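In case you want the letters, here they are:
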Amino acid sequence: MAEGSCPEERPYRSFARIYDELLGRTAFECWLENFGRLVRRHGVSFRTAADIACGTGLAAEFLAGVCERVYAVDGSAEMLEVARAERGRENIVYLLQRFTDLGLPERVDILTCNFDSLNYLLVDGLLVEALKRFADSLVDGGWAIFDMNTRRQLEATAGNPVLVHRLDGAFSVWESSWDAASLTGTVRMTNFLEDCAGRYVRGEEVHAERAYDTGFVAGVLAEAGFCHVEALDAKDLGAVVPDTRRVQFVARKGPAGAFVRPGRLGYPDGCPGAVSG
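As a starting point, this report considers the structure included with it.

## Considering the overall build of the chain
Phase 1 of the analysis: When you go through the chain residue by residue, the secondary structure sums to six helices and 13 strands.
Phase 2 of the analysis: Put simply, the chain has 277 residues, and 53% of those count as buried.
Phase 3 of the analysis: Pairs at least 24 residues apart make up 65% of the contacts formed inside the chain by residues separated by at least 6 positions.

## Topic: the packing of aromatic side chains
Phase 1 of the analysis: Counted according to the given criterion, the structure contains 16 aromatic pairs.
Phase 2 of the analysis: Taken together, a centroid distance of 6.4 Å and an interplanar angle of 50° make the contact between F99 and F134 tilted. Within this pair, whereas F99 is found in the loop between β3 (92-96) and β4 (108-113), its partner F134 is found in helix α4 (residues 124-136), the two being separated by 35 residues in sequence.
Phase 3 of the analysis: Under the relative-accessibility criterion, F134 is labelled buried at 0%.
Phase 4 of the analysis: By the ring-pair criterion, three or more aromatic residues cluster together here, those being Y12, F15, Y19, Y120 and W174.
Phase 5 of the analysis: The ring centre of Y212 lies 4.1 Å from the NZ or CZ of R210, which sits over that ring.

## Regarding the pairing of strand β1 (residues 48-52)
Phase 1 of the analysis: For β1, a buried count of five out of five residues is recorded, marking the element as mostly surrounded by other parts of the structure.
Phase 2 of the analysis: Here β1 shows a buried face lined by T48, A50 and I52 and a second buried face lined by A49 and D51.
Phase 3 of the analysis: Pairing between β1 and strand β2 (residues 69-74): five bridges, direction parallel. Bridge assignment links T48 to a residue of β2, and that residue is R69.
Phase 4 of the analysis: With helix α2 (residues 58-64) bridging β1 and the parallel β2, this β-α-β connection has right-handed handedness.
Phase 5 of the analysis: Bridge count between β1 and β4: four bridges; the pairing is parallel. From the neighbouring strand, D51 faces β4, where its bridge partner is T112.

## Quick look at empty space enclosed by the protein
Phase 1 of the analysis: For the coordinates displayed, the defined rule picks out one cavity of 30 Å³ or more.
Phase 2 of the analysis: As a volume, the largest cavity reaches approximately 40 Å³.

## Quick word on the nonpolar core
Phase 1 of the analysis: L118, F134 and F146 are the most contacted members of the largest nonpolar core, which totals 35 residues.
Phase 2 of the analysis: Elements supplying a minimum of two residues to this core: β1, β2, β4, α4, β5 (138-149), α6 (214-224), β10 (226-233) and β12 (246-253).
Phase 3 of the analysis: Of all the elements, α4 adds the most residues to this core, at five residues.
Phase 4 of the analysis: Grouped together as the second largest cluster of nonpolar side chains are 27 residues, W31, F46, Y94 and V250 included.

## What to know about the pairing of strand β6 (residues 162-167)
Phase 1 of the analysis: As defined by bridge partners, β6 adjoins strand β7 (residues 170-179) across six bridges and the pair is classed as antiparallel. Bridge assignment links V162 to a residue of β7, and that residue is E175.
Phase 2 of the analysis: Where β6 folds back onto β7 in an antiparallel hairpin, the turn is made up of two residues, including G169, whose phi is positive at roughly 80°.

The rules behind these values
- Residues numbered from 1 in each chain as written.
- Predicted model: local features only at pLDDT ≥ 70, side-chain atom pairs only at ≥ 80, totals over all residues.
- Heavy atoms only, no water.
- Helix = DSSP H or I, 4+ residues; strand = E, 2+ residues; numbered from the N terminus.
- Buried < 20%, exposed > 50% of the residue type's maximum accessible area, 1.4 Å probe, protein only.
- Contact = heavy atoms within 4.5 Å.
- Phe/Tyr/Trp six-rings, centres within 6.5 Å; stacked < 30°, edge-to-face > 60°.
- Lys NZ or Arg CZ within 6 Å of the ring centre and 35° of its normal.
- Pairing = 2+ DSSP bridges.
- Right-handed = clockwise from strand over helix to strand, strands pointing away.
- 1 Å grid on protein atoms, 1.4 Å probe; cavity = no way out; pocket = protein on both sides within 12 Å on 5 of 7 lines; lining within 4 Å.
- Points joined across faces, edges and corners; volume = space filled by probe spheres on them.
- Core = buried A, V, L, I, M, F, W, Y, C linked by side-chain atoms within 4.5 Å.

So this is what it looks like as structure tokens:
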């Protein structure tokens, strides 16, 4: 959710009810494949996990099936309400927190943040604080796995200025725009949801995402205390290229004194991104 947005236009209010059917399940299947490949590639093992911006809890539910305890964190009360109702595992702890308020009850072995959630942070300082809190939430040697949309993706979304999605008992109208000055893509979403009396209730939300340079994100991760950082094309987990739509980041927290110097991570957006410390 975009921090500082107007309450009446806050993302994931009415959208929470139709998120899984419209986007969530398909996105989860893509995430699950990449997550499995990355865990095997790096030999990652974990007993505790956190899924930040957990939404309706699909990823948290999967993680709860393979580890002892999962913290499912989101800034939307409506999304957490759906997650609690739909995901039945007893080892999931739900927390209502924003990125910049993140504070887990314990440090965990792995932290995930999926489906371009970090792009909702629209200024550098908020992203810096969020990634610092990611590091603070991990044990030494713990892993952060997250993705972010690129400028290419946000520009392409604005290339379809009006989309209408029809579902059983609902439809959603998306009006998209791109602002090159602020590197921000905006979707003004109007949702019509059928209530128990058969009437359609209208809800409006604004979803704004900021594009960040891959090198900037990698440098922030190094400053936050991650000693191994990789930036990969989420499509195939290969090298990032100019046409990459989504970047998959993999970062490992290092012990004090083992951090990579930020200068080693200052490659420009569009360059291959595997850097180890």
